[in-house]
Amino acid sequence: MTLTRCSSAAGDPRKRAALRSTALTAIATAIPLALATACSSPSSGPAASSTTTTNATQGGTVTVGLPDAPDSLDPTTASTLVGRTVFANFCYKLYDIDSGLTIVPELAAALPQVSPDGLTYTIQLKPNVKFNDGTPLTAQAAVKTLNWYLTNPLSVRAPELHGVQTVTATGPLTVVIHLAKPFAPLTSILADRSGMILSQTQLTKMGNNFAKDPVCVGPFQFSSRPSLDTIILTKSPYFYDKQDVHLSKVIFQVVSDPSTMAADLESGEIQVADAVTPQNVSAIENNAQTAIQSQYSLGYQGLDFNVGNVHGSLNAPGVANNPFAKYPALRQAFEDTINRQQLNQVAFDGQYTPGCTPIPPNSPWAVSITCPGQDIAQAKALIKQTGLATPVHVTLMVDNTPLSVQIGTIIQAMAKPAGFDVALQPTEFTTALTKAEDGNFEMFQIGWSGRIDPDQNIYSDWYPKSGLNYTGANYANLDTLLTQARESTDQTARHTLYHQIVNVLENERNIIYLWYDKNILGLRKNVTGVQFFADGLVRLATASIG
Amino acid sequence: MLWAILRRAVIAVVTLLLATIVVFAAVHALPGGPAVALSAETVNPVAIAASAHRYGFDQPLVVQYIKWFSAVLHGQLGTSPITSLSVTEQLSQRIPITLELAIGSLLLGIVVGVPAGVIAAANPGKAVDWIASGLALGGLSIPHFWFGIIMILIFAVHLHVLPSGGFVPIPQGLGSNLSHMLLPAIVLGTGLAAVLMRQTRASVIEALGADYVRTARAKGLPEWQVIWVHALRNSLITVVTVIGLQLGGLIAGIVTVEEVFTIPGIGQLTLNAVYQRDYPTLQGVVLLTAAGYIVANLLVDVSYTLINPRISRRPG
Amino acid sequence: MLRKRLGPLGTAGAIGATVVVLVAVFGPLAAPYDPTAVDFNHVLSRPFTAGHLLGTDQLGRDVLARLLFGARTTLAAGLASTLLGTLLGLPLGVVSGYLRGPVDVVIMRIVDVMLAFPFLLLAVGLAAISGPSLPNAIVALGVGQVPAIARVARGATLSVRDLEYVQAARVNGERGAVIMRRQVLPNILSPVIVQTTVAIPGNIVGAAILSFLGLGVQPPTADWGAMLAQAEDYLNQSVWLGVFPGICIFVAALSFNLLGDGVRDALDPRRVLL
């Protein structure tokens, strides 16, 4: 069999928009709490960052191709993955991650000091740091920013920071956060948009229009956004490490068609291609002037079954009116029809990683279990036990893009021999989300962008009355475990808890986890020093172009 | 004649008004809303409600329509809840791009189609007529998105002489801008050229049989003048009519071509706005398109009266 | 006789169109495989490999079988939408042209408004509301057809309404509806038939565009436009996947265009109507 990888002539921009903005928005979060040494993580895949040389070429412009347009450039209201890539270069956060998925201080001077009861976090800020408008970074600025995120009615950061009661400055560079209940993932949250500190002068001046001219701390500063698809950053004269910043300009340009992006990379129109698709990998690898970097991602892709979502995900679950809800064994039967390896091979040319848990294998929190293989005989037997007449008619809602439809078709074909008649329902993405929230579906192929902290990959999907609990999950024992894991400050205990949690998830099968995407970056060989980690963000602080 | 134009203009305005109501109603009939598209990750009811309140989506539809309409009259098209950019800004960024594509295709279509039609009409039944007519028929039948893909395959992927898509603004290089526009304009212009060629050919053939042509020939005018000046001038009406009728198809064609060649124009904006339930942007865009279409038709009507003052009514 | 009326090109078109229709109706019976049968061990086989005359696609499905079945969906969409457009537009045009006055103004303004919206947006809207599907695509295309048919019908009605026999019927006290049906309709058939025939290839291509954008038939149903959309990702190595469906659409559209030309030449040689 010759399965050749080909670049395509044209693609569907909606495909990228749909996949990126929800399913794959990877928001970096960090390993909880200060016990970094105990959480040394395995290597996160092939070389993710190249070393910078002290005599790197100064100056130059790098154009980065993005698969779709960042939304608002204000962390208060932003919610796209590509937006985070842009932020990573001009709007630094209290914490960040490194290549080993360890949380490291960025604007903070060190990891937070946590009180024994887990309710108080004390954060020291780095001294002598300036915003990109020259004003100093102070604890006041951090406090005002966090309170802005918490209280601004338009803020989408507020739910991420839930449990935070007060944020105060107890010194010029000391911030104290007080929680109502312990919340282990907090530091990881501060290593994402909620930890981005905004210039107070600018915030006061622009208010809710901050996105028009955002000012933060960063190696680059926002210069202009001449169109929705083009964002220009220039080197910041105020950055605290500016001697290590080599580029003078960074341009983010939206190229929504994956094969056009690959072609642009090969022709040199862009120097970095974010989100390369599996079909375009070989063309880029075979070109003498370009190379590929492939990284694990933080999220998963799977199949949601509507088990208990009868009144909407935010309301109390019940028992849904479909065969999968009435016969749990049927979900197992369906899982038995799927050959994860083959799905990965046929749909993604083997580029992604098959799996069956919500935590990708590169994460320090990964729970390794043996994934069930394809077993049509068992599937048939399980269906027979339920007494349902074959073929069993079920519906599968997928995003209305060629790739998702293809995945649905493969699943459909795999399920057929066992006695499932799967009707595909390609649905436009926003409509699909509405239907999922309303419980208006039977099966839904959907993923999650992923965070480093496992709580953020599981809690909202499985805890009753959570916004993302499309399946209507309602398992008392699971709820207890999830809450314990979220509030515990003991690393080892958390590891054990997540083992138990994953086992429960495998048994209940409201979600069948199928694979993990990979973040694939294309680069021209004369661009070095790009830092590309499993969160999928392209960091250019130390990059140079030769 | 002025009355006729005025009457047409009034009708145009009324049509535009009706169009806005239809757009408004249709857009709000789509399930979900911008808040759903925005908060896909968090589903935070408080933020959704606040966003809805900020943009006025929680008010009755009629109220929203009136507010939007009066804002439009003041030249305000609102702000996109998805991107926080003003709709006018987004439109003004993309209109020049789509306009360049549209005008390029129109020019190509006219420059290729009309002369081809005249030449074919001047040599009916001969080889050049068969070839031209055959090509026109082909251009008419080929699905332009497929044509675009094939063009990209040949010229961009295999020959590497033209880019496979995207757009370069003129300030960044006129040559680059044109090379990016060439294939899309060819693809879009082909259909128009085909229709124009056939229409021109038919009109000129008919005109060549008319009395005034015989008179011109009898007067001893050179043949090329008879054909290119007299016969063609009288065929211009039908040509202009055809252009008018093709404008609607051009709009649909633009959306597909912008998608195949990933050109960041109005077509792409429209599709994205639908998918993201970006009501203000979608309303703005469709308003613009409808207005453009109506204005273009108005111009077509006006040029009728200019070309042939005897005609003050659109045929048919 | 047909050849004489349609001319050589028109006849060629008629033959081509007939062939296309026959393929659509009977082709699937001759298909070597089930068009939805996947074969993960033989994906992207080249044409002329054993057992697959035109190769296989990225899921191992036989291309020839999918082309044959695709003829059915593409053609059905093109013809059904034309029929729908005519059924909707014809009465609108006739009533408008016959009654004139305020009815005419209102109907024509409605038609103008419809004209301002490309069928594409309508298709997208319908898809977002009730999911993309073949019926939705047909409705979108059919409605997009209405302005043209309505205008043609109205124009033709205008030119016959003042003829003697129509006047006579009116004087005799016949009701408007009856007149429209008995006197007007039969006499405007020519331009309406021309317009309908001419609209078919446009709707065939339109249907292909909609399924190309994911707004038409849903998988795993085979459809030429959908096949092109899926082929896009594999064009570098498997060019044939993107070539064959396009050729099919082209041939179908060409045949109906030739046919339309022939019909037009036969029924409206002076090309009064565009």
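Residues numbered from 1 in each chain as written. Chains lettered and ligands numbered in written order. Predicted model: local features only at pLDDT ≥ 70, side-chain atom pairs only at ≥ 80, totals over all residues.

Before going further, it helps to spend a moment on the overall build of chain C. On a plain count of helices and strands, chain C comes out with 10 helices and zero strands. Listed N to C, the secondary structure of chain C is α-α-α-α-α-α-α-α-α-α in terms of helices and strands. For chain C, the C-alpha atoms occupy an extent of roughly 75 × 50 × 30 Å along the three principal directions. Taking all 274 residues of chain C together, 59% fall into the buried category. Restricting to contacts in chain C with at least 6 residues of sequence separation, those with at least 24 account for 72%. (Helix = DSSP H or I, 4+ residues; strand = E, 2+ residues; numbered from the N terminus. Buried ≥ 20, exposed ≤ 12 C-beta atoms within 10 Å, placed from the backbone. Contact = placed C-beta atoms within 7 Å.)

Bringing the overall build of chain A into the picture now. Of regular secondary structure, chain A possesses 16 helices and 23 strands. Per-residue burial over chain A gives 61% buried out of 546 residues.

Let us now look at the interface of chain C and chain B. Taken together, the contacts link 36 residues of chain C with 38 residues of chain B. Among the elements of the structure, α3 (101–115), α4 (119–130), α5 (134–160), α8 (189–212) and α10 (240–267) of chain C are those that each provide at least two residues to the side of chain C that touches chain B. Residue composition of the side of chain C that touches chain B, by class: 25 nonpolar, six polar and five charged. (Nonpolar A, V, L, I, M, F, W, Y, C, P; charged D, E, K, R; others polar.)

Residue and element names in this part refer to chain A. On the basis of which strands lie adjacent, the open sheet formed by four strands has the order β4-β5-β7-β6 and antiparallel pairing. The open sheet has two edge strands, β4 (113–114) and β6 (164–171), and neither has a second partner. Strand direction decides the pairing type here: β6 and strand β7 (residues 174–179), joined by six bridges, are antiparallel. Of the residues in β7, the one forming a bridge with Thr168 is Val176. Against the sheet, helix α3 (residues 139–151) engages β6 and β7, with an angle of about 170° to β6. (Pairing = 2+ DSSP bridges. Axes fitted to C-alpha atoms, helices over the stretch in contact; angles between N-to-C directions.)

Here the focus is the packing of α4(C) against α5(C). Residue and element names in this part refer to chain C. Between α4 and α5, the shortest axis-to-axis distance is 9 Å and the interhelical angle comes to 150°. Comparing the axis directions of α4 and α5 gives the class roughly antiparallel. For the pair α4 and α5, the sense of crossing is right-handed. Residues Phe119, Leu122, Ala123, Leu126, Ala127 and Ser130 of α4 form the contact with α5, whose own contacting residues are Asn136, Ala137, Val139, Ala140, Leu141, Val143 and Gly144. Looking at the contact of α4 with α5 residue by residue, the class counts come to 10 nonpolar, three polar and no charged. (Parallel < 35°, antiparallel > 145°, perpendicular 65-115°, else oblique. Left-handed = near helix turned anticlockwise from the far one by under 90°.)

This paragraph deals with the environment of A:Ser248. Residues and elements named next belong to chain A. For Ser248, the position within the fold is in the loop between β9 (230–235) and β10 (249–254). For the pair Ser248 and Ser72, spaced 176 residues apart in sequence, the C-alpha to C-alpha distance is 24 Å. Residues in contact with Ser248, not counting those within four places in the same chain, are Gly59, Gly60, Thr61, Thr234 and Lys235.

To continue, consider the pairing of β7(A). Burial of the side chains of β7(A) is restricted to one face: A:Val175, A:Ile177 and A:Leu179 are buried, whereas none of A:Thr174, A:Val176 and A:His178 on the reverse face is. Hairpin connection between β6(A) and β7(A): a loop of two residues separates the two successive antiparallel strands.

Our next topic: the pairing of strand β13 (residues 300–305) of chain A. Residue and element names in this part refer to chain A. Taken across its six residues, β13 has six buried, putting it largely inside the fold. Where β13 and strand β17 (residues 443–448) come together, six bridges link them in antiparallel fashion. Paired with Leu303 across the strands is Gln445, a residue of β17. Relative to strand β18 (residues 511–516), β13 runs antiparallel, the two being bridged by four bridges. Residue pairing in the sheet places Asp304 in a bridge with Ile511 of β18.

With that out of the way, let us pick up the sheet that holds strand β14 (residues 353–354) of chain A. All names here are of chain A. If you trace the six strands from one edge of the open sheet to the other, you get β14-β18-β13-β17-β15-β16, paired in mixed fashion. Among the strands making up the open sheet, the edge pair consists of β14 and β16 (420–427). Relative to β16, strand β15 (residues 392–399) runs parallel, the two sharing eight bridges. Within the sheet, the bridge partner assigned to Met397 lies in β16 and is Gln425.

All names here are of chain C. Mean pLDDT for chain C: 83, with 95% of residues reaching 70 or above. For chain C, α4 is the element with the lowest average pLDDT, namely 76, and helix α2 (residues 63–99) is the one with the highest, namely 91. Under the prediction, the complex receives an ipTM of 0.80, its pTM being 0.77. (pLDDT = per-residue confidence, 0-100.)

Moving on, we come to unusual backbone geometry. Residue and element names in this part refer to chain A. With an omega dihedral of -5°, the bond running from Thr390 to Pro391 counts as a cis peptide bond. Mapped onto the fold, Pro391 is located in the loop between α11 (376–386) and β15. Even without being glycine, Lys465 reaches a positive phi, approximately 65°. Assessed through the 14 C-beta atoms surrounding it within 10 Å, Lys465 is described here as partly exposed.

To continue, consider the environment of A:Arg524. All names here are of chain A. Its location among the elements puts Arg524 in strand β19 (residues 518–524). Distance from Arg524 to Arg451, taken between C-alpha atoms, is 29 Å for residues 73 residues apart in sequence. In contact with Arg524, other than residues within four places in its own chain, are Leu265, Gly268, Gln271, Gln289 and Thr290.

Below, the discussion takes up the packing of α8(C) against helix α9 (residues 224–231) of chain C. Residue and element names in this part refer to chain C. Put simply, α8 and α9 touch, their axes get as near as 7 Å, and they point 40° apart. Here α8 lies oblique to α9, going by the angle between them. The handedness of the crossing between α8 and α9 is right-handed. Of the residues in α9, those touching α8 at Ala207, Ala208, Ile209, Leu210, Ser211 and Phe212 are Trp224, Gly225, Ala226, Leu228 and Ala229. Of the residues belonging to the contact of α8 with α9, the class tally is nine nonpolar, two polar and no charged.

Mapped onto the elements, B:Ser164 comes out in the loop between α7 (144–158) and α8 (174–208). As for B:Ser164 and B:Ile149, which are separated by 15 residues in sequence, their C-alpha atoms are 9.2 Å apart.

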